[in-house]
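Read off the chains here:
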Amino acid sequence: MRNPVAGSAIAAPSASCDNAAMHATDIVRRERHKARQDNGRGRRLLRAAAVIAILCMSAALLVPIAGVAAGAAGLLALTSDLPDVAALRQLPNDYRPSAAITRLYAREAPDGALILIDEIVDPRRDTGWVRATELPPHLPAAYLAAIEQPAQQPATRPSVVSTALGWWRSRNVGDAPSPLAARLIRIHLRDGNATNDDPRRAFQDWLLGNRIDSRFSTEQQVEWALNTDYYGRLAYGIEAAAKVYFGKRAADLTAGEAAALAAAARNPTANPFDDPTAAAAARAAVLAAMAARGDLTATAAAEAASTALALAPPPGSASPVPAFARLARRELEQFLGPERLLAEDLDVETTLDPALQTQVECAAAIWSATLPSGGGPSCPAADYLPSRAGDASDAPQ
């Protein structure tokens, strides 16, 4: 019979080993779990860092792209309604004199019949577009001197981008278009409207001027301007102006005559017919500018300024009442504007009393003849003149 104590002594060590193994397994399991947790946090940190890096790189790429896109959109908004400078090429084709005739009438007493006293037609009739190569050199030179065009174009021009950035910061484009390009823009691309200190319009006009100066020569621009400018007395274009003021073709104008018309293009009201004093001063200023630019010698400029202009008879001189006709023409031009006056067939009844006008002219002729020698044609109005110059007390009451 076996000893039970010995059997008990053998069984106890086996249970203790199992407990130790289980404890060791738990330790390993906890360590693995902890390691998995640590690895999970590390992976999450790595993923977050990667996302942040990707976002930073994207921002670094997108910000410049967004800036360029915003700049392009802004430039497009500024230039969306910009006129096309290529339209200037059509100016010779648009040179069409008006066929309209405006007739001036006076009502004659005692029957009240209307009599024709004058007709107004476009001075461009029987004229045409004049090429720059057909003109004497002093004519374009006089025009450029009158508008104060720089003698030399700048060698380089600021870029559109730099000018746009400067405009964006200060609403100022700096250098304006050249005077010649600015006139073409205002008259032909802007319908004669000024900028009125509009910053957006100023930038657009700078851009237009830059395009004109870069695409077209000064000679071409001068040809466009000379043939389309207004010179006063209903004269549009240099050929019509030469005919109205001097009774000749533009190709035959002298330096003094060219300077006079160039000055009239800048200020049409100060023309040789309507304001001879202002016209003479302006002509002398243009000739002096031509000498300063090297277009004329100082001697030639001084001689041209001192030579009296041989003017043609003013428009309206063929009327039976020339002084009144010239007055009526000026008032119609001021009231309607030259373009409308030339474009429309108008019948205008004036306030002229032909019989009274005849007596006024007769009395004026006699009065002039009595200073100092007397004589002259007789007329009823002469009975109302004083018997002596300056003695108004002798006139009938």
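Residues numbered from 1 in each chain as written. Predicted model: local features only at pLDDT ≥ 70, side-chain atom pairs only at ≥ 80, totals over all residues. Heavy atoms only, no water.

S.K.: Help me understand unusual backbone geometry in this model?
M.R.: Phi is mostly negative for residues that are not glycine, and the peptide bonds are mostly trans. For Arg 233, which is not a glycine, the phi torsion comes out positive at approximately 55°. Tracing the backbone through its elements, the reader meets Arg 233 in the loop between helix 6 (218-228) and helix 7 (238-246). Assessed through its relative accessible area of 8%, Arg 233 is described here as buried. Positive phi, close to 65°, is recorded for Leu 234, a residue that is not glycine. Inspection of the secondary structure puts Leu 234 in the loop between helix 6 and helix 7. For Leu 234, a relative accessible area of 4% gives the class buried. (Helix = DSSP H or I, 4+ residues; strand = E, 2+ residues; numbered from the N terminus. Buried < 20%, exposed > 50% of the residue type's maximum accessible area, 1.4 Å probe, protein only.)

S.K.: Looking at this structure, I do not really get the pairing of strand 2 (residues 113-120). What am I missing?
M.R.: A regular strand places its side chains on the two faces of the sheet in alternate fashion. Sheet topology places strand 1 (residues 102-108) next to strand 2; seven bridges connect them, and they run antiparallel. Each bridged residue has a counterpart across the sheet, and for Ala 106 the counterpart in strand 2 is Ile 115. Here strand 1 folds back onto strand 2, and the loop between the two strands holds four residues, one of which, Gly 112, carries a positive phi near 75°. (Pairing = 2+ DSSP bridges.)

S.K.: What should I look at first to understand the pattern of salt bridges in this one?
M.R.: For side chains bearing opposite charge, pairing can occur when the charged atoms are close. Using the criterion set out here, one finds 14 salt bridges in the structure. Of the charged contacts in the structure, one is a salt bridge between Asp 229 and Arg 183, with a shortest N-O distance of 2.8 Å. Of this pair, Asp 229 sits in the loop between helix 6 and helix 7 while Arg 183 sits in helix 4 (residues 179-189); the two residues are 46 residues apart in sequence, bridging distant segments of the chain. The burial state of Asp 229 is the same as that of Arg 183; both residues are buried. Of the charged contacts in the structure, one is a salt bridge between Lys 248 and Glu 257, with a shortest N-O distance of 3.0 Å. Look at Lys 248 and you get partly exposed, because its relative accessible area is 25%. Put simply, Arg 190, Arg 201 and Asp 205 are held in one network by salt bridges that share partners. (Salt bridge = Lys/Arg side-chain N within 4 Å of Asp/Glu carboxyl O.)

S.K.: Teacher, can you tell me more about the sheet that holds strand 3 (residues 347-349) here?
M.R.: Within a sheet, adjacent strands bond to each other through the backbone by hydrogen bonds, running parallel or antiparallel. The three strands lie next to each other as 2-1-3, forming an open sheet whose pairing is mixed. Strand pairing shows two members of the sheet lacking a second neighbour, strand 2 and strand 3, which therefore form its edges. Within this sheet the neighbouring strands show an average axis-to-axis angle of 30°, counted without direction. In the sheet, strand 1 pairs with strand 3 via three bridges, with the strands oriented parallel. Bridge assignment links Leu 104 to a residue of strand 3, and that residue is Val 348. Helix 11 (residues 322-336) rests against strand 1, strand 2 and strand 3 of the sheet, and its axis sits at about 70° to strand 2. (Axes fitted to C-alpha atoms, helices over the stretch in contact; angles between N-to-C directions. Contact = heavy atoms within 4.5 Å.)

S.K.: Honestly, the packing of aromatic side chains in this entry has me stumped. Any pointers?
M.R.: Aromatic ring pairs are described here by two measures, namely the spacing of the ring centres and the angle between the planes. Applying the stated criterion across every chain, the model contains four aromatic pairs. Pairing Tyr 95 with Trp 129 gives two aromatic rings, centres 5.9 Å apart and planes at 85°, and the pair type is edge-to-face. With a gap of 34 residues between them, Tyr 95 in the loop between helix 1 (4-79) and strand 1 and Trp 129 in the loop between strand 2 and helix 2 (138-146) connect regions that are remote in the sequence. The pair Tyr 95 / Trp 129 is uniform in exposure class, with both members buried. Considering the side-chain rings of Phe 216 and Trp 224, the 4.9 Å spacing of their centres and the 75° angle between planes classify their relative orientation as edge-to-face. Of the two residues examined, Phe 216 and Trp 224, each falls in the buried class. (Phe/Tyr/Trp six-rings, centres within 6.5 Å; stacked < 30°, edge-to-face > 60°.)

S.K.: How do you make sense of helix 11 when you look at a structure like this?
M.R.: Every α-helix winds through 3.6 residues per turn, so residues three or four apart in the chain are directed the same way. Between its first and last C-alpha atoms helix 11 spans 21 Å; for 15 residues at 1.5 Å apiece the expected length is 21 Å, and the two agree. Considered for burial, the residues of helix 11 that qualify are Phe 324, Ala 325, Ala 328, Arg 329, Leu 332, Glu 333 and Leu 336. Buried residues along helix 11 sit in contact with strand 1, strand 2, helix 12 (338-343) and strand 3. Looking one or two residues beyond helix 11, the residue adopting positive phi is Gly 337, at roughly 90°. (Expected span 1.5 Å × (residues − 1).)

S.K.: What exactly am I supposed to notice about the nonpolar core here?
M.R.: Note that soluble globular proteins tend to have their nonpolar side chains buried in a common cluster. Within the largest apolar cluster, 57 residues are counted, with the highest numbers of intra-cluster contacts made by Tyr 231 and Leu 261. Only helix 2, helix 4, helix 5 (199-215), helix 6, helix 7, helix 8 (255-266), helix 9 (276-293) and helix 10 (298-306) provide two or more residues apiece to this core. Looking at this core, the element that brings in the most residues is helix 8, giving eight residues. Residue contacts for Tyr 231: discarding those within four places in its chain leaves Ala 225, Leu 226, Gly 237, Ile 238, Ala 241, Tyr 245, Leu 261, Ala 264, Ala 265, Pro 268 and Asn 271. Counting 17 residues, the second-largest nonpolar core is a separate cluster that includes Leu 104, Ala 328, Leu 341 and Leu 352. (Core = buried A, V, L, I, M, F, W, Y, C linked by side-chain atoms within 4.5 Å.)

S.K.: Sorry if this is basic, but what is going on with the environment of Ala 258 here?
M.R.: Among the structural elements, Ala 258 can be located in helix 8. Residue Ala 258 is classed as buried on the basis of its relative accessible area of 0%. In the structure, Ala 258 is positioned 117 residues away from Ala 141 in sequence and 8.9 Å away in space, judged by C-alpha atoms. Discounting residues that sit within four places of it in the chain, Ala 258 has contacts with His 138, Leu 139, Ala 142 and Leu 253.

S.K.: How should I be thinking about the confidence of the model for the protein chain in this particular structure?
M.R.: Segments scoring low in pLDDT should not have their predicted coordinates read at a detailed level. Considering every residue of the protein chain, the mean pLDDT works out to 80; 67% of them sit at 70 or more. When pLDDT is averaged over each helix and strand of the protein chain, the minimum, 50, is found for helix 3 (residues 160-170) and the maximum, 98, for helix 7. Taken together, the stretch residues 66-72 has pLDDT below 50 and engages in zero contacts with residues farther than four places along the chain or on a different chain. Throughout residues 391-397 the model reports pLDDT below 50, and contacts reaching past four residues in sequence, or to other chains, amount to nine contacts. (pLDDT = per-residue confidence, 0-100.)

S.K.: Would you take a moment to explain the side chain of Thr 127 for this structure?
M.R.: With respect to the helices and strands, the residue Thr 127 is situated in the loop between strand 2 and helix 2. Relative accessible area serves as the criterion here: at 19%, Thr 127 is assigned to the buried category. At 3.1 Å, the side chain of Thr 127 forms a polar contact with the side chain of Tyr 95. The residues touching Thr 127, leaving out its near neighbours within four places in the chain, are Tyr 95, Glu 239, Ala 240 and Lys 243. (Polar contact = N/O pair within 3.5 Å; in protein donor to acceptor, adjacent residues only side chain to side chain.)

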